[in-house]
Structures are given as C-alpha cells and as structure tokens.
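Spelled out from the first residue to the last, the chains are:
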Amino acid sequence: MQAGITVSAAELPEVLLHVAVVRPVFLWGAPGIGKSSLVRAFAESLGLECVTLLGTQLAPEDLIGVPQIVDGRSRFAPPVAIARDEPYCLFLDELNASSAEVQKAFYSLILDRRIGEYELPEGSVVIGAGNRATDNALARPMASALVNRLVHVHLRASASDWLQWAGTAGIHPWVLEYLRNRPDHLWTAPPKIEEPFSTPRSWHMLSDALHSYGDGVSDETLRVLAFGTLSAAHASMFRAYVKTVRHAFGLDAVLKGETGWPAAPEDRDLLYFLAETFRARLIKELAADKASANPAARQLAHRGKALLVELAEISLEIAQLVIASDDDGRPVLPTWFLVEVSRDLPRLVAARA
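All values derive from a computational prediction rather than experimental measurement.

Criteria and thresholds
- Residues numbered from 1 in each chain as written.
- Predicted model: local features only at pLDDT ≥ 70, side-chain atom pairs only at ≥ 80, totals over all residues.
- Heavy atoms only, no water.
- Helix = DSSP H or I, 4+ residues; strand = E, 2+ residues; numbered from the N terminus.
- Rg over C-alpha atoms; globule rule 2.2 N^0.38 Å.
- Buried < 20%, exposed > 50% of the residue type's maximum accessible area, 1.4 Å probe, protein only.
- Contact = heavy atoms within 4.5 Å.
- Phe/Tyr/Trp six-rings, centres within 6.5 Å; stacked < 30°, edge-to-face > 60°.
- Lys NZ or Arg CZ within 6 Å of the ring centre and 35° of its normal.
- UniProt positions renumbered as here; feature names shortened; annotations may be inferred.
- Axes fitted to C-alpha atoms, helices over the stretch in contact; angles between N-to-C directions.
- Left-handed = near helix turned anticlockwise from the far one by under 90°.
- Nonpolar A, V, L, I, M, F, W, Y, C, P; charged D, E, K, R; others polar.
- Domains from an automatic or database assignment.
- Buried area = accessible area lost by both parts, 1.4 Å probe.
- Salt bridge = Lys/Arg side-chain N within 4 Å of Asp/Glu carboxyl O.
- Polar contact = N/O pair within 3.5 Å; in protein donor to acceptor, adjacent residues only side chain to side chain.
- Pairing = 2+ DSSP bridges.
- Parallel < 35°, antiparallel > 145°, perpendicular 65-115°, else oblique.
- 1 Å grid on protein atoms, 1.4 Å probe; cavity = no way out; pocket = protein on both sides within 12 Å on 5 of 7 lines; lining within 4 Å.
- Points joined across faces, edges and corners; volume = space filled by probe spheres on them.
- Core = buried A, V, L, I, M, F, W, Y, C linked by side-chain atoms within 4.5 Å.

**Quick word on the overall build of the chain**
Right, so step 1: A tally of regular secondary structure across the chain gives 16 helices and 10 strands.
Right, so step 2: In terms of C-alpha radius of gyration, the chain reaches 26 Å, well past the compact-globule figure of 20 Å for 353 residues.
Right, so step 3: Seen through its C-alpha atoms, the chain measures out along the principal axes to roughly 95 × 45 × 35 Å.
Right, so step 4: Counting every position in the chain, which comprises 353 residues, the buried fraction comes to 44%.
Right, so step 5: Restricting to contacts in the chain with at least 6 residues of sequence separation, those with at least 24 account for 72%.

In structure tokens form, the structure reads like this:
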C-alpha cells in the first residue's frame, strides 16, 4: 500500500486516541521505525494490557479456538490470549504477512469485535501493523474485504521525534551526538539484498552493544558492531565520528583553525566524515539569499572557501563532494555561495565539470 499522507511518532498517539477507540486501525511503516513499541506505549497510556499476536506465527484455529461439547452442542472455545474479561489492546502485528486463511479468521474479530460467542470487552482497542511490500519485507496482499474494515495510518521515521526520545532513553552518547549532526542517517530504505541497514531500531541495537562494551571498545570491535547493524556508508561514517571524539578532531576545531584537515592516508575515513559534516553545516547555516545572511553565515562562507582550498590540496575528489549537487542534479548549496566558489576556486569547479 502506498503512503499518501504520513504521521510521525509524535503525532501518532493523538490519532490512535481518537480513532482506535472507535474503529480498528492498521499501522503501515518500514521495518525498524518503532511501530510495535509505539502501539505498546499507546496501550500503556490508556492503562490497557497490550496482547500481541504475530500473524506469521498463527494458524486459523489459533484465533477461532477449538470445538468443545457443551450440553450436547458444539461450540468453539476461543484461546485464552484473546478471551479476557477486562478491556485490553489487541495488537495484530505482521497481520498482512499472515496467510489468507489467517486473515479471513480476523474478519469478525476486526469488524464485529468478536470470535464465535466471545466478544471483546467494552473499552478494548484493536490495532494491526505491518510492513509494505516496497520495503522488501514479508508482506502478502491484503484482501479488499479486510482493507475496508480498517482505518489505515502510515508512519514515517522522524529524526526530531526519535532524538527527543533518545535524549531521555539512555541511548549511547556517541550514537546520540552522531545523529544530532547527521539526522538524515537515522533511517535508510531497506536494500534489495540481505544486508544490515540503518533504522531507529538498528541504532538502538548499536547503542546497547556500545553500552555493553564500554568506552574502551576497540576500533576493530566498533567496526564489527557498526557494520553489523547499520548501512555500510553510515557505519563507515560513524566509525570516523568516533575517531574524532577519541582523537580531538572535530569540525568546529577545523573551522576555528585549531587543527587542519587530517591528511594521513590512514585517516581518509575521518577526512570523508569531516567533509560530509562540513557540507551538512553549510547546507544548514547558509541563507538562500546572501542579502539575508547574518554575520555568522557570512563568516562561515568566507572560512568555508578557504577550507575548500585546503581540502582540495589533500583530496580534490572529497572537496568536490562538499559542493556537489544532489542525486537529481539539483544544487543543495545556495547559488550565491556556488558562484563565489566558481569565481574564487576555478580549479575546484573545473574539476567537477
């Protein structure tokens, strides 16, 4: 299912509060962005127990129950996980990854809030969740009859929401500070092959592993952890960031002239990280119109051109990356700054051309 309109993690609780209490909701989203934890937190906020059923681990009889004879008549006894006396949140995780038979078994539970003779207690809520087929995840087509029984909400990964949560959740300082500098690295689209990729969940896993090892974790172990949890490009950049922390390198120090660009061949990953961070700083702080640029932005532009010259002396290719256009060929830096670069640094621009 394609996402027309999306909500962030911060916006989701209010949507669920007004919708899930009156109609069943299905939450769509990429793997690892926090769908399950958000549903559990919502249930907790209502004082409801969250009962999770995994669609991929269910057979139809797990929902319908087994027949029993009562007073000479047969009836189905619903499973204890569902048949509860007190209201609760029934969370149907990976619902769209279940078989067609299991999806059919959910129909009456989702629409009529009942299975056989058992009816969900008043005040219960039903929420489903699943990945999209475009995420290269296990997802089966959902029958139109089931689609039409649910209110569909699409969740997006929000770096600002996650960082706000992470600041009070014990996330490792290295992870937290890195993502504050590179919030665009919080999530990446799932790859088409079996390899790690960056999501809020994978950054959390990396944080847990770093806490387990402690600050004395070796660079080789850090390499294993980063490349075992993150997209390869992000893992390489994160290792370089940790190197800046450990060896007193940092973009601010370079900008202030307290240190230069790292030039040693063994520090090429660090140089690339600093250049990427430099690019992100320019994009963030340079005004689109030079006339509206404040003194700090003008100083950054002036210092930035000098640093581009120094960077090009070490690696012309990496210097070009700082001023490169995006993947669609559109400039990401202000036109006035690029004009000044082309005027003052013709070698850099000529090499790009």
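**So, the packing of aromatic side chains**
Right, so step 1: Here the structure, examined in full by the defined rule, presents 11 aromatic pairs.
Right, so step 2: The structure contains a cluster of three or more aromatic residues connected by ring pairs, namely Tyr 178, Trp 203, Phe 238, Tyr 241 and Phe 273.
Right, so step 3: Positioned above the aromatic ring of Tyr 88, the side-chain terminus of Arg 84 is 5.7 Å from the ring centre.
Right, so step 4: The positively charged end of Arg 149 is found above the aromatic ring belonging to Tyr 107, 4.8 Å away from the centroid.

**A closer look at the UniProt feature "domain: AAA+ ATPase" (unreviewed entry) in the chain**
Right, so step 1: The positions UniProt marks with the feature "domain: AAA+ ATPase" (unreviewed entry) are residues 21–156.
Right, so step 2: In the segment residues 21–156, helix accounts for 24% and strand for 30%; the C-alpha atoms at its two ends are 22 Å apart.

**So, the packing of helix α9 (residues 219–227) against helix α10 (residues 232–246)**
Right, so step 1: Closest axis-to-axis distance for the α9/α10 pair is 9 Å, and the angle between their directions is 145°. When you trace α9 past α10, the crossing you get is right-handed. Here Asp 219, Leu 222, Arg 223, Ala 226 and Phe 227 of α9 lie close against α10, whose contacting residues are Ala 232, Ala 235, Ser 236, Phe 238, Arg 239, Val 242 and Arg 246.
Right, so step 2: Here the residues of the contact of α9 with α10 sort into 7 nonpolar, 1 polar and 4 charged.

**What about the domain arrangement of the chain?**
Right, so step 1: According to the domain assignment, the chain contains domain 1 (11–154), domain 2 (159–247) and domain 3 (250–348).
Right, so step 2: On a C-alpha basis, the centres of domain 1 and domain 2 stand 33 Å from each other.
Right, so step 3: In this assembly, 6 residues from domain 1 lie in contact with 8 residues from domain 2.
Right, so step 4: When domain 1 packs against domain 2, close to 570 Å² is buried across both sides, 53% of that on carbon and sulfur atoms.
Right, so step 5: Looking at the side of domain 1 facing domain 2, the largest losses of area belong to Pro 31, Gly 32 and Asn 136, adding up to 65% of the total buried there.
Right, so step 6: For the interface between domain 1 and domain 2, the tally reads 0 salt bridges.
Right, so step 7: Linking domain 1 to domain 2 there are 1 residue pair in polar contact (both at pLDDT 80 or more).
Right, so step 8: Counted by class, the side of domain 1 that touches domain 2 contains 3 nonpolar, 2 polar and 1 charged residues.

**Thoughts on the sheet that holds strand β2 (residues 25–28)**
Right, so step 1: Spatially, 6 strands are ordered β1-β10-β2-β9-β6-β3 in an open sheet, and the strand pairing comes out parallel. Since the sheet does not close on itself, it has two edges, and those belong to β1 (6–7) and β3 (49–54), each with one partner.
Right, so step 2: Contacting β2, β3, β6 (88–93), β9 (125–130) and β10 (151–155), helix α2 (residues 35–45) runs over the sheet at an angle of about 170° to β6.

**Remarks on the packing of helix α7 (residues 173–181) against α10**
Right, so step 1: One can describe the packing of α7 onto α10 by two numbers: an axis separation of 10 Å at closest approach and a directional angle of 110°. In terms of orientation, α7 and α10 fall into the roughly perpendicular class. On α10, the residues touching Trp 174, Val 175, Glu 177 and Tyr 178 of α7 are His 234, Met 237, Phe 238, Tyr 241, Val 242, Val 245 and Arg 246.

**Thoughts on the layout of surface pockets**
Right, so step 1: Estimates place the volume of the largest pocket at around 1,100 Å³.
Right, so step 2: For the largest pocket, the lining is made up of 46 residues, of which Gly 32, Ile 33, Gly 34, Lys 35 and Ser 37 are closest to its centre.
Right, so step 3: Of all the secondary-structure elements, those providing two or more residues to the lining of the largest pocket are α2, β9, α6 (159–166) and α8 (200–213).
Right, so step 4: Sorting elements by how many residues they give to the lining of the largest pocket places α2 first, with 7 residues.
Right, so step 5: Along the lines of polarity and charge, the residues of the lining of the largest pocket split into 21 nonpolar, 16 polar and 9 charged.
Right, so step 6: In this structure, the second largest pocket spans a volume of roughly 230 Å³.

**Observations concerning the nonpolar core**
Right, so step 1: Judged by nonpolar contacts, the single largest core of 55 residues is most densely connected at Trp 203 and Phe 238.
Right, so step 2: For this core, the domains that each give at least three residues are domain 2 (159–247) and domain 3 (250–348).
Right, so step 3: Of all hydrophobic cores here, the second largest spans 24 residues; its members include Leu 90, Tyr 107, Ile 110 and Leu 150.

**Here we look at the pattern of salt bridges**
Right, so step 1: Throughout the structure, instances matching the rule amount to 18 salt bridges.
Right, so step 2: A salt bridge links Glu 119 to Arg 114; its shortest N-O distance comes to 3.6 Å.
Right, so step 3: In this structure Arg 114 comes out as partly exposed when scored by relative accessible area, which is 31%.
Right, so step 4: For the salt bridge of Glu 285 with Arg 281, the shortest nitrogen-to-oxygen distance reads 3.8 Å. Here Arg 281 and Glu 285 lie together in helix α12 (residues 268–285), a separation of 4 residues that amounts to about one turn.
Right, so step 5: Here the salt bridges do not stand alone but share partners, grouping Lys 290, Lys 305, Glu 340, Arg 343 and Asp 344 into one network.

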